[in-house]
Amino acid sequence: MANDKNYTFIIHEIKNNVTLLQSALQLMKKTHPEIGSYEEWDTIHSAFSDLSNIFQNVTEQKNLSQMEMTTQSIDSFLTSFERRTKQLCSSAEVSVPIFEHGTLSKATPSKMSAIPDDVLHPFSISINAPLLERALLNLVQNAIDAMEHSDSKTLLVHTNCDSHKFCISITDSGMGMTEEIQNLMYTPSFTTKGNGLGLGLCIVKEIVNAHQGILLCTSIPNEGTTFTVLLPVSKP
């Protein structure tokens, strides 16, 4: 098996060549725009997109074993996460997400979440902010995808904490999931998306676990889904 140095070198070289090929294809399309109408072009573009996602997921899995943690205030982390979430919703033409701290909102679908009603306090958490934010944004993107065919597209992000734990839940008004799908959703390569790789939720769970956290899911078919992440609060 290749050691860490060789592993990093191989991944780096393959990724560089994929990037080079993507740039060449973009230049080709700019010079010959008619190729964008070819069925093969979509296949090639999709294949390179999948490769990019694979490299990102492999890199993240590798980084988990040597993840650097920093202590950050919850409010500071949420400020960045809220901004990125609103950007995702805007680009997907989903209504502005509802952010709430403390008591659960009446907007939360019935029986969807059971987060304690503690008031949000200015505690800190020990995290790798880029990785944790990516994990949460992956859950947001999944929620957006789940609401693609819903008449009402409501995304609720609810947070609260006490001196022991920080909770953040992401609730959508999408199609929900059956018990069978919930039992398989963390399995690598399992996906319900036509163009999915089945790595997203698997990576999310690994990132949460690496933060000594817990990932929970409650879903009701035809009502929606709530993913909840519980993380330990840093001791003062």
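Use the structure listed above.
Computed from a predicted model, the values in this text were never measured in an experiment. Per chain, residue numbering runs from 1 following the sequence as it is written. Local features are withheld for residues below a pLDDT of 70 in this predicted model, meaning they are given only at 70 or higher, and side-chain atom pairs are given and counted only at 80 or more; totals for whole chains, interfaces and linings count all residues. Derived side-chain values reflect all non-hydrogen atoms in the structure, with water molecules and hydrogen atoms excluded from consideration.

As a further point, take the sheet that holds strand 7 (residues 224-232). For two strands to count as paired, DSSP must find a minimum of two bridges between them. The secondary structure listing takes helices from DSSP runs of H or I that are at least 4 residues long and strands from runs of E that are at least 2 residues long, numbered from the N terminus. Sheet architecture is open: five strands sit in the order 2-4-5-7-6, paired in mixed fashion. In the strand order of this sheet, the two ends are held by strand 2 (98-101) and strand 6 (214-220), each with one partner. On average, adjacent strands in this sheet sit at an angle of 15° to one another, irrespective of strand direction. Pairing of strand 5 (residues 165-172) with strand 7 involves eight bridges; the strand directions are antiparallel. Residue pairing across strands places lysine 165 opposite proline 232, the latter belonging to strand 7. It only takes one pair of heavy atoms within 4.5 Å for two residues to be counted as in contact. Only the stretch in contact is used when a helix axis is fitted, and all axes are lines through C-alpha atoms; the angle between N-to-C directions ranges over 0 to 180 degrees. Running at roughly 25° to strand 5, helix 4 (residues 129-146) makes contact with strand 4 (155-161), strand 5, strand 6 and strand 7 of the sheet. Strands in contact with helix 6 (residues 200-210) are strand 6 and strand 7; relative to strand 6, the strand with the most contacts, it is inclined by about 140°.

Before going further, it helps to examine the pairing of strand 3 (residues 124-127). Buried residues are those whose accessible area, probed at 1.4 Å on protein chains only, stays under 20% of the maximum for their type, while exposed residues exceed 50% and partly exposed ones sit between those limits. Here strand 3 shows a clear split, with Ile125 and Ile127 buried on one side and none of Ser124 and Ser126 buried on the other. For strand 1 (residues 70-73) and strand 3, the ladder comprises four bridges, and the chain directions are antiparallel. Bridge assignment links serine 73 to a residue of strand 3, and that residue is serine 124.

Moving on, we get to the side chain of threonine 225. Tracing the chain through its elements places threonine 225 in strand 7. Two N or O atoms form a polar contact when they lie within 3.5 Å of each other; inside protein one atom must be a possible hydrogen donor and the other a possible acceptor, and for residues adjacent in sequence the pair counts only when both atoms belong to side chains. In terms of polar contacts, threonine 225 uses its side chain to reach the side chain of serine 219, at 2.7 Å.

It is at 9 Å that the axes of helix 4 and helix 6 come closest, and there the two elements cross at 145°. As helix 4 packs across helix 6, the resulting crossing turns out to be left-handed. Counting all contacts with helix 4, which are made through Leu131, Leu132, Ala135, Asn138, Leu139 and Asn142, the residues of helix 6 involved are Gly200, Leu201, Val204 and Ile207. Class assignment for the residues of the contact of helix 4 with helix 6 results in seven nonpolar, three polar and no charged. Left-handed describes a crossing in which the near helix is turned anticlockwise from the far one by less than a right angle; the clockwise case is right-handed. Under the scheme applied, nonpolar residues are Ala, Val, Leu, Ile, Met, Phe, Trp, Tyr, Cys and Pro; charged residues are Asp, Glu, Lys and Arg; polar residues are all the others, including Gly.

Not every positive phi belongs to a glycine, and glutamine 212 is a case in point at roughly 60°. With respect to the helices, strands and loops of the structure, glutamine 212 is situated in the loop between helix 6 and strand 6. Positive phi is not limited to glycine here, since asparagine 222 has a value of about 70°. Within the secondary structure layout, asparagine 222 lies in the loop between strand 6 and strand 7. Residue classification places asparagine 222 among the exposed positions, given a relative accessible area of 72%.

A few words now on the nonpolar core. Phe81, Leu139 and Phe166 are the most contacted members of the largest nonpolar core, which has 40 residues in total. Elements represented by at least two residues in this core include exactly helix 3 (74-91), strand 3, helix 4, strand 4, strand 5, helix 6 and strand 7. Residue contributions to this core peak at 10 residues, all from helix 4. Sequence-distant contacts of leucine 139, that is, excluding residues within four places in its chain, are made with Ile170, Leu201, Val204, Leu215, Phe227 and Val229. By size, the runner-up hydrophobic cluster in this structure holds five residues, among which are Val18, Leu25, Ile35 and Trp41. Side-chain atoms within 4.5 Å link the members of a nonpolar core, which is a set of buried Ala, Val, Leu, Ile, Met, Phe, Trp, Tyr and Cys residues.

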